Amino acid sequence: MSKGLEVHQFPCLDDNYGYLVHDRETGMTAAIDTPDATPILAALKEKGWKLTHILNTHHHADHVGGNLALKAETGCTIIGPKVEEAVIPGIDRAVSEDDIVQLGASGARVIEVPGHTRGHIAYSFADAGVAFVGDTIFALGCGRLFEGTPAQMWDSIQKLAALPDDTVVYCAHEYTQSNARFALTVEPQNDALQARAKEVDEKRARGEWTVPTTIALEKATNPFLRPASKDLQETVGLTGAPLVDVFAETRRRKDNF
Ligand code: ZN
Ligand code: FE
């Protein structure tokens, strides 16, 4: 992480994470999504930070639910996906692919990642080496396809997988333990996955978070980034099939898991 940017993480609602991103030089502070205004205001108070921006990833209530209350309280600017402009409460600026959102000295590049919703976006702070991916990829999982097709989601996942391996990935939910149980059913031969699942169980037993993750770790263990794995292809009965089909079948199995 660059000297200029600090990320503060805290639980919200049942299994969401709230994130505050703070530019030390200018004091500008963004909330990445707004699951719930109350814990976000508490976190701001605890850190002594003033909210200047909200960066929304998509329109679901556990991501925009605190928008209007936080805007009323702080006068912050709300930024969200152009495609979902009509359903982002209080939106001031609508952004699309490759737009830059400046937070003081730190810039976030917008990556369009449709699939979970049709306008879902991610924010990549490349200099700081961090990315906020909402409900697109989770640790050992990926978002449900509520509005998009498997082909769209597979494209979106490949865009995130193309970020540098050491990128620190902040996803919106603590779903890792149940994701690990599913992952083991489709690629039980994966030693790195076996080891990670064990570590996740140990962390959760101690009440610890398993988020953030990294691109490298997801590439090695997350079945939704691994349709090229021969073992996974064999498990889902699609040896040699197009990767998008392997991805789609893996997602379908997770829906029924
Ligand atoms: Zn969602
Ligand atoms: Fe969510």
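Since the structure is predicted, the reported quantities are computational estimates derived from the model, not experimental observations.

(A) Structural detail: the domain arrangement of the chain. You can read the domains of the chain as domain 1 (5-171) and domain 2 (176-255). Each side of the interface is counted separately: domain 1 has 29 residues, and domain 2 has 27 residues. Broken down residue by residue, the surface that domain 1 buries against domain 2 is led by Ala139, Leu140 and Trp154, which jointly contribute 32%. Run the count over domain 1 and domain 2 and you get two salt bridges. Its salt-bridge partner being Asp255, residue Arg144 comes within 3.4 Å of it at the nearest N-O pair. Of all the elements in the fold, those that place two or more residues in the side of domain 1 that touches domain 2 are strand E1 (5-12), strand E2 (16-23), strand E11 (137-138), strand E12 (141-142), helix H4 (150-161) and strand E13 (168-171). Counting residues per element, the side of domain 1 that touches domain 2 draws most heavily on H4, at seven residues. Here the side of domain 1 that touches domain 2 is composed, by residue class, of 23 nonpolar, four polar and two charged.

(B) Quick peek at the pattern of salt bridges. Under the defined criterion, the tally for this structure stands at 17 salt bridges. Note that Lys219 is salt-bridged to Asp165, the shortest N-O span being 2.8 Å. Residue Lys219 is located in helix H7 (residues 215-221), and its partner Asp165 is located in the loop between H4 and E13; the two are separated by 54 residues in the primary sequence. A relative accessible area of 33% means that Lys219 is categorised as partly exposed. What makes Asp165 partly exposed here is its relative accessible area of 39%. In this structure, Glu249 engages Arg253 in a salt bridge whose closest nitrogen and oxygen atoms are separated by 2.9 Å. Of this pair, Glu249 and Arg253 both sit in helix H9 (residues 243-255), four residues apart, which is roughly one turn of the helix. Given the relative accessible area of 30%, Arg253 is considered partly exposed. When salt bridges with common partners are traced through the structure, they connect Glu6, Arg24 and Lys47 into a single cluster.

(C) Local environment of the pairing of strand E3 (residues 29-32). Of the two faces of E3, both are covered, the one formed by Thr29 and Ala31 as well as the one formed by Ala30 and Ile32. In this sheet, E3 lies alongside E2 in antiparallel orientation, the contact comprising four bridges. In the sheet register, Leu20 faces E3, and the bridge partner there is Ala31. In textbook terms, the turn of a hairpin is the stretch between consecutive antiparallel strands, and for E2 and E3 this stretch comprises five residues, one of which, Gly27, has a positive phi near 80 degrees. Bridging between E3 and strand E4 (residues 53-55) involves three bridges; their strand directions are parallel.

(D) Quick peek at the coordination of the zinc ion (ligand 1). Taken together, the protein ligands of the zinc ion (ligand 1) are His58 (NE2), His60 (ND1), His116 (NE2) and Asp135 (OD), with distances of 2.2 to 2.4 Å. Coordination geometry of the zinc ion (ligand 1): the four donor atoms subtend angles of 85 to 170 degrees at the metal centre, consistent with an arrangement described as irregular. Each donor residue of the zinc ion (ligand 1) belongs to the same chain, and together they define the spacing H-x1-H-x55-H-x18-D. Separating the zinc ion (ligand 1) from the iron ion (ligand 2) is a gap of 3.3 Å, bridged by Asp135, which donates to each. His60 sits in the buried class, given a relative accessible area of 17%.

(E) Seen up close, the pairing of E2. Of all the eight residues making up E2, eight are buried; the element is thus mostly covered by neighbouring parts of the structure. As defined by bridge partners, E1 adjoins E2 across eight bridges and the pair is classed as antiparallel. Paired with Phe10 across the bridge in E2 is Gly18. Connecting E1 to the next strand, E2, in antiparallel fashion are three residues, including Leu13 with a positive phi near 50 degrees.

Criteria and thresholds
Residues numbered from 1 in each chain as written. Chains lettered and ligands numbered in written order. Predicted model: local features only at pLDDT ≥ 70, side-chain atom pairs only at ≥ 80, totals over all residues. Heavy atoms only, no water. Domains from an automatic or database assignment. Contact = heavy atoms within 4.5 Å. Buried area = accessible area lost by both parts, 1.4 Å probe. Salt bridge = Lys/Arg side-chain N within 4 Å of Asp/Glu carboxyl O. Helix = DSSP H or I, 4+ residues; strand = E, 2+ residues; numbered from the N terminus. Nonpolar A, V, L, I, M, F, W, Y, C, P; charged D, E, K, R; others polar. Buried < 20%, exposed > 50% of the residue type's maximum accessible area, 1.4 Å probe, protein only. Pairing = 2+ DSSP bridges. Donors = N, O, S within 2.8 Å, 3.2 Å for Na, K, Ca; no water. Tetrahedral: all angles 85-135°; square planar, octahedral: opposite > 155°, others 65-115°.

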